[in-house]
Every structure is written in structure tokens, then in C-alpha cells.
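A look at the structure
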Number of protein chains: 2
Amino acid sequence: MKNFADKLIQAIQKKGNPICVGLDPRMAQMPECVKKDSPAETFLEFNKGIIDAVADLVPVVKPQIAFYEQYGSEGYLAFEKTCEYAQSKGLIVIADAKRNDIGSTAEGYAQAFLGGFAVKADAVTVTPYLGYDGVKPFVEVCKKSDKGIFVLVKTSNKSSCELQDCDVSIPDGNMKVYELMGHYVESWGANEVGESGYSSIGAVVGATFPDQAKVLRKIMPQTIFLVPGYGAQGGAAEDVKPCFNKDGLGAIINSSRGIIFAYESSDYGPDGYQDAARDAVSKMARELSDVIGK
Amino acid sequence: MKNFADKLIQAIQKKGNPICVGLDPRMAQMPECVKKDSPAETFLEFNKGIIDAVADLVPVVKPQIAFYEQYGSEGYLAFEKTCEYAQSKGLIVIADAKRNDIGSTAEGYAQAFLGGFAVKADAVTVTPYLGYDGVKPFVEVCKKSDKGIFVLVKTSNKSSCELQDCDVSIPDGNMKVYELMGHYVESWGANEVGESGYSSIGAVVGATFPDQAKVLRKIMPQTIFLVPGYGAQGGAAEDVKPCFNKDGLGAIINSSRGIIFAYESSDYGPDGYQDAARDAVSKMARELSDVIGK
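Read on for an overview of the structure. (Residues numbered from 1 in each chain as written. Chains lettered and ligands numbered in written order. Predicted model: local features only at pLDDT ≥ 70, side-chain atom pairs only at ≥ 80, totals over all residues.)

To continue, consider the relation of the copies chain B and chain A. Structural alignment of chain B on chain A gives an RMSD of 0.0 Å, achieved by rotating through 180° and translating 0.0 Å along the axis. Considering both components of the superposition, the chain copies are consistent with a two-fold axis. Among all C-alpha atoms of chain B, that of Val168(B) lies closest to the rotation axis, at 2.1 Å. Of the residues that chain B buries at the interface, 98% are likewise interface residues in chain A, meaning the two copies contact each other through the same surface. (Least-squares fit on C-alpha atoms with pLDDT ≥ 70 in both. Contact = placed C-beta atoms within 7 Å.)

So, in C-alpha cells, the structure goes:
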């Protein structure tokens, strides 16, 4: 039986690219043609359009739950329905929720996102500030039900340096906090390595820090990187190259605004948001193909 | 106009204790008398009972959203209704959500929990792994609408040492990660200090690490500590003493299971869960009163 990492690698190979489409809807950018009675229903309609447009092209989508939660339980329902719809179209779904807590509380989150009853997702993002107590309950669920997590290691934002780039003392000298977390994540995932050679316990590594990604790629050879920050946040294809292993695998590259709102900088216009998204995905696939595994 | 910290300090002084009741419902421990058609409705019924029982005794309640989210959007709705009911009974509500993200995504969370439309809460817990980019959007909302946040600094769980107790290099030597975060939080909150002398930007400091709390109290004189880990997690009144300033203020002490499920270790039985909760609060208030400000 294949674990989450195997399924993800297989999907990447089948689609021929490692693109993750971020489903981060914003009311101000919703085309008129998808508007419904409420923001939540509008988001769902828009997402279905994007999913229909990209489902045959990309392996993964990643809805970011904050955009939905700001509309409360109605937004949460739209998030659930988005995940379910994406899965029904054969896409792997990463719930970007950055949850973190301990013990039975973390178990609650693991159940919410990976238990299969509330949110229908294949993986969830997790923040490691609490240490392994906050990660283990998720790992246990991954083990039982072939799900995955992506643990924040080095994030794409500017102030990620405030904590993540600090030098910490280790017996032999110093290492950066993100390196320490990289070692932790690689070890936490060591028992979850599948047939593909990759682990179901992944890491979030921002596209905006290629030098740090290079270091982390060495520390975490079996870990799949989820890479945000491509496109709108400033990361280019060359920047994400260090996130891949020599086999051309080991990373998925997320783009949100650059794909879902591609219509804003194209001739298609709002009504053509689906075609614009398809074009943007194809362009990104070519850009990545030029640098991966070379 | 009073800010969040002022309102919190005023509520503590009015009630005469710094107790925060954690509303962390679990299906296995729901008394028969509150059971409804769904877990979500059952939780809401139970919470209303607890809120009615303690509203005249304590200043604050803290529902932990993971327990609700595991039941999806229905659970989320029960969380919203719990917060709204608690506020309607005059209680200050801290949404324990440990949210964290950057830019517009963090703004989404800030809107969700502090915007007043989705969740009716007065404050939310935030995880600082991403640096100030992940905290600033919350601070902005706090400033505008007299809300508060509590940033994780030193958590009560055992493996919190894995990252939080690391020695980081600073120009003059070394300090622990939790000390570094303590300095950050105190500075992030410096412009949010109210008439009470305390800031609306608070810190989470676990009851299980009194030595570290003592150090943090010195680093963060104007910061209010939200202290989990009392009771069921092992923290006693003596352990939380270092969390208070000499004025007897500066901390709120959370107990969840020890209060809401007090009926399990009392003569009241399940039907008397409200009376058991009141007794548990009174006992905790006496324990704290014996050590605070002495």
C-alpha cells in the first residue's frame, strides 16, 4: 500500500510537473460570473471553476483556510466543500492551516484535517514551535491513514529571519534554527518513508530563500518540500531549483495569485478566469521544466 | 477609552481572581443531561451550562477551537455560538486558536477572530514562528478595535524545550529562544500599553516551568501572561506565582479539565457538573489567593 509521499510523487510524475495551485480567494478579485449570495458561496463557485480548469494539468491544490475562516462557519463549510470537490476531481489536497497544539488538542486538529470526517484533505501544514509534542499526534494519523503533513521550517516572508535564522548552540558549534528544525523534521519522518524514497512528513521551505533551501535539501534528503513564495511573492524558477533533488523530485511549488487571478494580467478578462489560469499553469510548468533536474 | 489590557485587568479586579476557564469539551465526558442530536449542539449546551455556572465568579473563558474544529463547520458554529454566549454573560473571551501566517493571510485570521463578524472574541492566541510579519496584522486589529493577542513564548508541554530552550547567539553572549521571544513580545506590545500599565499584546507562558516564568516576568514587565498547564497538566499555585508582578497582577491562569469536568472527581455526579465547576473555581481562587502578591 502506498503512503502519502508515494501518492504525491506518483501524481507529480503523471502530470509531469510539481505545481500546487493555491486556492486563496479574495472577494475583491472575484469575477462577476461566479458571484452568489454570500462570500462563502462565491468562493466555492470560483474554486470549482479553478479546479475544473487545472485538474488535468496539476497534481496538487492547497486552499489556505484563513481566507475562508474570516467568514466564520459558513466560510469553513466552503473550505470543506472546496477540499471535497478537489479530491473528487482526482487532485491531492493540502489544507494550509498551520495548526499547532499539544496532546489531545493536537489530536483534535489531526482529526479535523486528516481524519476524513470534517475536512477531506490529504495533508495539512503544521507549525513546530511547540516541539514534537505538537507534531506527533499528526504523525500518528499519517501513519494510520496514509496522510501527510508539511512542517514549517524556513518560511518565505522577510521577518522569518527573526527566529528562523538565529544561530543556536549545538555540541559541535552553531547551526541556524531552520537547520535545527530541518534535522528534526527529517528524523520525525524517518519511519514514514515510502516506496518512492520520500517521507510523508514534509517541510515548508520558502521560494524566496534559495541559499537556505540548498542547505536544507542536504539536511533533508528524504523530505518533500512544499515551496510557497513563487510568482507574486517574488520567487522565480531559478530560485526554487535548490529545492529539488537530482532525481528532479522532492518539491512541490505553490503559486496562488499568479494562477487563480491570472485573468487580471491577461486578455481573457474576468469571464475568462479559467482559461487564464490554465495558461498560467502551462507557463509555470515550462519555467520549472527548464530548471528542474538539470 | 480602555484597551483590551485595561478591560482584562478591570475584570480581574472586579471578580477578585485571575482565573480563565478553558472550554475544551470532549464527547466522552459530556453528561447525559446536555446531550443533543450532534456533538456540536451537545458542546454548546454543555458550555452554556458551564458559562452560567462560572460567569459571576471568573473574568475570562478560553475555548480551544481544536475540540470544535474536529467536527468541521458544525463544530465551528458551536465555537462561534459559545464565544457569543460567553460575551453576552459579561465574560472576556480568548479564542485559543494559535493561528499563524503572514500578510493578507494573517489579516484573514485577525478578521476571523478579532473582526467582530465571525467569531465574537476579545483576544486570540498566536504562534510566532514566522516572526513579526505573522504578528503585525493582529496587532493592527488590536490597535483599531481594542482587542488583544497572546503570543506563544514558553509552552507548558515537555518537548517545548526542543526549540524554545535552545541557546541562541546574541551580540553579548547567549539567550534562550523563549527569552528572545519574550523580548520580541514586550517590544511588539510597547505601543499597546493602556492605563493599567499593561499591554494588549500578551504572552503564553506555561505553569509547568516556574523558573523560566520568573526570567520571563523580568523580561516582560508590561506583558500579561496567559498561563496554561494548571491542575490537570501538573502546575500548582506555587508554580504560577512567578508569573505575577508584585502588584498581584500580570497573569491569568487557565484551568480546563480541572473545572469543566470537576464533576468526575466530586460527589455531584454528571447532573451536578455546574455545581462541581463552581466549587472547583472557588477552590482554585483560594489556592491562587494564598500565593499571589505575597
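There's plenty left to go through after this.
Residue and element names in this part refer to chain A. Judged by pairing direction, the barrel is parallel, and its eight strands sit side by side in the order S1-S2-S3-S4-S5-S8-S9-S10 before closing back on the first. With direction set aside, neighbouring strand axes in the sheet form an average angle of 30°. In terms of strand pairing, strand S9 (residues 223-227) meets strand S10 (residues 251-255) through three bridges, oriented parallel. Each bridged residue has a counterpart across the sheet, and for Leu 226 the counterpart in S10 is Ile 252. (Pairing = 2+ DSSP bridges. Helix = DSSP H or I, 4+ residues; strand = E, 2+ residues; numbered from the N terminus. Axes fitted to C-alpha atoms, helices over the stretch in contact; angles between N-to-C directions.)

Taken together, the contact pairs 46 residues of chain B with 45 residues of chain A. Those elements that place two or more of their residues in the side of chain B that touches chain A are helix H3 (66-69), helix H4 (72-88), helix H5 (103-114), helix H7 (161-164), strand S6 (167-170) and helix H8 (177-188) of chain B. Taken together, the residues of the side of chain B that touches chain A break down into 21 nonpolar, 17 polar and eight charged. (Nonpolar A, V, L, I, M, F, W, Y, C, P; charged D, E, K, R; others polar.)

The subject of this paragraph is the environment of Pro25(B). All names here are of chain B. With respect to the helices, strands and loops of the structure, Pro 25 is situated in the loop between strand S1 (19-23) and helix H2 (39-54). Separated by 252 residues in the primary sequence, Pro 25 and Ala 277 have C-alpha atoms spaced 13 Å apart. Residue contacts for Pro 25: discarding those within four places in its chain leaves Met 30, Phe 43, Phe 46, Asn 47 and Phe 67.

A few words on helix H2 (residues 39-54) of chain A. Residues and elements named next belong to chain A. Spanning 16 residues, H2 covers 22 Å between terminal C-alpha atoms, matching the ideal 22 Å at 1.5 Å per step. Every buried residue of H2 is accounted for by Pro 39, Ala 40, Phe 43, Leu 44, Phe 46, Asn 47, Ile 50, Ile 51, Ala 53 and Val 54. Lining the buried residues of H2 we find strand S1 (19-23), strand S2 (60-63), helix H3 (66-69), helix H4 (72-88), helix H11 (257-260) and helix H12 (273-291). (Expected span 1.5 Å × (residues − 1). Buried ≥ 20, exposed ≤ 12 C-beta atoms within 10 Å, placed from the backbone.)

This paragraph deals with H5(B). The end-to-end C-alpha separation of H5(B) is 16 Å, in line with the 16 Å expected for twelve residues at 1.5 Å each. Thr105(B), Ala106(B), Glu107(B), Gly108(B), Tyr109(B), Ala110(B), Gln111(B), Ala112(B), Phe113(B) and Leu114(B) are the residues of H5(B) that are buried. Contacts from the buried residues of H5(B) go to H3 of chain A together with strand S3 (92-99), strand S4 (123-126) and helix H6 (136-145) of chain B. After H5(B) finishes, the residue Gly116(B) shows a positive phi value of roughly 85°.

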